[in-house]
Amino acid sequence: MVKTIDEILEQSHFSREDVIQLLQTDIVGRNKIYTRAAQIKTQYVGNKVFYRGLVEFSNKCVKDCYYCGIRAGNSNTIRYDISDEAILYAVKYAYDNKYASVVFQSGEREDKAFIKRITNLLHKSKEITNNEIGITISLGEQTKEVYKEWFDAGAHRYLLRIESSNKELFEKIHPNNDRHSFERRMQALRDLQEIGYQTGTGVMIGLPFQTIEHLADDLLFFRDFSIDMVGMGPYVEHSETPLYQYKDLLLPQVERFNLALKMIAILRIMMKDINIAAATALQAIDKAGREKALKVGANIIMPNITPTENRSNYLLYENKPCIDESADDCSSCLEARISIAGDTVAYNEWGDSWHYKKRVNL
Ligand code: 5AD
Ligand code: FES
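The structure presented is a predicted model; accordingly, all values stated were derived computationally and were not measured.

What counts and how
- Residues numbered from 1 in each chain as written.
- Chains lettered and ligands numbered in written order.
- Predicted model: local features only at pLDDT ≥ 70, side-chain atom pairs only at ≥ 80, totals over all residues.
- Heavy atoms only, no water.
- Helix = DSSP H or I, 4+ residues; strand = E, 2+ residues; numbered from the N terminus.
- Rg over C-alpha atoms; globule rule 2.2 N^0.38 Å.
- Buried < 20%, exposed > 50% of the residue type's maximum accessible area, 1.4 Å probe, protein only.
- Contact = heavy atoms within 4.5 Å.
- Areas by Shrake-Rupley, 256 points an atom, 1.4 Å probe, with all protein chains shown as cover.
- Core = buried A, V, L, I, M, F, W, Y, C linked by side-chain atoms within 4.5 Å.
- Expected span 1.5 Å × (residues − 1).
- Polar contact = N/O pair within 3.5 Å; in protein donor to acceptor, adjacent residues only side chain to side chain.
- Axes fitted to C-alpha atoms, helices over the stretch in contact; angles between N-to-C directions.
- Parallel < 35°, antiparallel > 145°, perpendicular 65-115°, else oblique.
- Left-handed = near helix turned anticlockwise from the far one by under 90°.
- Nonpolar A, V, L, I, M, F, W, Y, C, P; charged D, E, K, R; others polar.
- Salt bridge = Lys/Arg side-chain N within 4 Å of Asp/Glu carboxyl O.
- Pairing = 2+ DSSP bridges.
- Right-handed = clockwise from strand over helix to strand, strands pointing away.
- Phe/Tyr/Trp six-rings, centres within 6.5 Å; stacked < 30°, edge-to-face > 60°.

1. Looking at the overall build of the chain
Then, in step 1: Helix and strand counts for the chain stand at 15 helices and 11 strands.
Then, in step 2: For a compact globule of 362 residues, the expected C-alpha radius of gyration is about 21 Å, and the chain comes in at 19 Å, within 12% of that figure.
Then, in step 3: Taking the principal axes of the C-alpha coordinates as reference, the chain spans close to 60 × 45 × 40 Å.
Then, in step 4: Burial status across the chain gives 58% buried among its 362 residues.
Then, in step 5: Residue pairs at least 24 apart in sequence account for 75% of intrachain contacts in the chain once pairs closer than 6 positions are excluded.
Then, in step 6: Surface accessibility of the chain: about 15,100 Å² in total, with carbon and sulfur atoms responsible for 50%.

Listed below in structure tokens is the structure:
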């Protein structure tokens, strides 16, 4: 017999069929999911939002993902690499504004100079903030040794999206070569977890060729992997990328957005104590996108604190929000919007994933 949404929501564990049914539900069911997710958020992680000041310090990338605007093959992008001084200035900005954590993100590189540079930046970031700033890095696939070197230098969280947990779909959205291997991506996630990072991953929602079953499996993957943090948002097509040729196969943007919200809400119900980011891509489709995500389970926001002159070149997708504004403009309006969503910004708190703390018995 088919279960009702209420019956599914009362269960403490969801099967694959349950998750598929939740993802497929109509607007009435959707509101039930949202209400339950909001309750669980309040109960387990509280109505607090933690900031991670995002520094997108370079768009130079050696990879060629078919969906991404800064892929090596896109010759229509002005490549930039912010100086160490400017990066550290952004770190100081975050610290002085009580953000408590920063995220360093860039295109992917594996050369020695890059690796050393990051190690040095991690040490310096700690030095100039009385050893207090929390540091997340999102610098792609690296060897386990490199991950360890950066962990020892002060990074304690790592974001590496799996993009899709389905190997076939992963292979459709990446070139077919060693540099874009599904197995390597999986291994990288395992390495990060073994080293002791709070490990974050995520997927894009509404990709061409993606099905509801794929998305259900993504959620089950996060649970099976015991992931500590998730950031996921809608896929937003970019005209200078190979996947753009499939734009006619896509759901309308609003539907991709709604599906992303539903994914966040279901994930909050399934993984009550993890950190879930309200991804920037949500805001590319709906101006209040991130705040809507907070209402249905997300608890992390990554305000962009990249020095402004470079921000317009870090276009992974089009319509990226806030690219004309300085960090100040962003943070002043953000706090007001967060309080309208019913949350309070937790300043000066790292806001580590409770899931991680339990996982490693802290
Ligand atoms: N649409 C949405 N998200 C994208 N990303 C890259 N390109 C796009 C796009 N076109 C996401 C990927 C990557 C993260 C840094 O940005 O999931 O992991
Ligand atoms: Fe740069 Fe995918 S295009 S990592």
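Structure's up, so let's keep going.
2. Comments concerning the nonpolar core
Then, in step 1: Ranked by size, the top nonpolar core spans 90 residues in total, and within it Phe104, Ile137, Trp150, Phe222 and Met232 carry the most contacts.
Then, in step 2: Per-element accounting of this core gives the leading share, 11 residues, to helix H10 (residues 253–270).
Then, in step 3: Each residue touching Met232, except ones within four places of it in the same chain, is listed here: Arg161, Val203, Ile205, Leu219, Phe222, Met263, Ile264, Leu267 and Ala279.
Then, in step 4: Membership of the second largest hydrophobic core comes to 11 residues, among which are Met204, Tyr235, Leu243 and Leu250.

3. Structural notes on unusual backbone geometry
Then, in step 1: For Ala100, which is not a glycine, the phi torsion comes out positive at approximately 70°.
Then, in step 2: With respect to the element layout, Ala100 can be found in the loop between helix H4 (84–96) and strand S3 (101–106).

4. What about H4?
Then, in step 1: In this model, H4 (13 residues) spans 18 Å end to end at C-alpha, consistent with the 18 Å of a helix rising 1.5 Å per residue.
Then, in step 2: Among the residues of H4, Ile87, Leu88, Ala90, Val91, Tyr93 and Ala94 are the ones counted as buried.

5. Looking at the side chain of Ser181
Then, in step 1: On the secondary structure map, Ser181 appears in the loop between helix H7 (167–172) and helix H8 (182–195).
Then, in step 2: For Ser181, a relative accessible area of 19% gives the class buried.
Then, in step 3: There is a polar contact of 2.9 Å between the side chain of Ser181 and the backbone nitrogen of Arg184.
Then, in step 4: Not counting residues up to four positions away in its chain, the partners in contact with Ser181 are Glu141 and Phe170.

6. Remarks on the packing of helix H2 (residues 16–24) against H10
Then, in step 1: For the pair H2 and H10, the least separation of the axes is 10 Å and the interaxial angle reads 140°. On the basis of their axis angle, the class for H2 and H10 is oblique. Where H2 crosses over H10, the handedness of that crossing is right-handed. Touching Val19, Leu22, Leu23 and Gln24 of H2 are Leu259, Lys262, Met263, Ile266 and Met270, all from H10.
Then, in step 2: A class-by-class count of the residues in the contact of H2 with H10 yields 7 nonpolar, 1 polar and 1 charged.

7. Quick word on the pattern of salt bridges
Then, in step 1: One pass over the structure, following the stated rule, counts 28 salt bridges.
Then, in step 2: Asp111 serves as the salt-bridge partner of Arg109, at 2.9 Å between the closest nitrogen and oxygen.
Then, in step 3: In this structure Asp111 comes out as partly exposed when scored by relative accessible area, which is 31%.
Then, in step 4: Within the structure, one salt-bridge network assembled from shared partners comprises Lys63, Glu108, Glu110, Glu141, Glu163, Arg184 and Arg185.

8. Describing the pairing of strand S9 (residues 275–278)
Then, in step 1: The alternating pattern of S9 places Asn275 and Ala277 and Ile276 and Ala278 on opposite faces, both of which are buried.
Then, in step 2: As paired elements, strand S8 (residues 229–234) and S9 share 4 bridges and run parallel to each other. Directly across from Gly231, in S9, lies its bridge partner Ala277.
Then, in step 3: On the question of chirality, the crossover connecting S8 to the parallel S9 by way of H10 is right-handed.

9. Observations concerning the pairing of S3
Then, in step 1: With respect to burial, S3 is a largely interior element, 6 of its 6 residues being buried.
Then, in step 2: Of the two faces of S3, the one lined by Ser101, Val103 and Gln105 and the one lined by Val102, Phe104 and Ser106 are each fully buried.
Then, in step 3: Strand direction decides the pairing type here: strand S2 (residues 53–58) and S3, joined by 5 bridges, are parallel. From the neighbouring strand, Glu56 faces S3, where its bridge partner is Gln105.
Then, in step 4: For the crossover from S2 across H4 to S3, the handedness is right-handed.

10. Focus: the packing of aromatic side chains
Then, in step 1: One pass over the full model with this rule turns up 14 aromatic pairs.
Then, in step 2: Centre to centre, the rings of Phe114 and Trp150 are 6.4 Å apart; their planes meet at 75°, and the pair counts as edge-to-face. Note that Phe114 is positioned in helix H5 (residues 112–127) and Trp150 in helix H6 (residues 144–152), a separation of 36 residues in sequence.
Then, in step 3: Looking at Phe114, the relative accessible area reads 2%, which means it is buried.
Then, in step 4: When its relative accessible area of 0% is taken as the criterion, Trp150 is described as buried.

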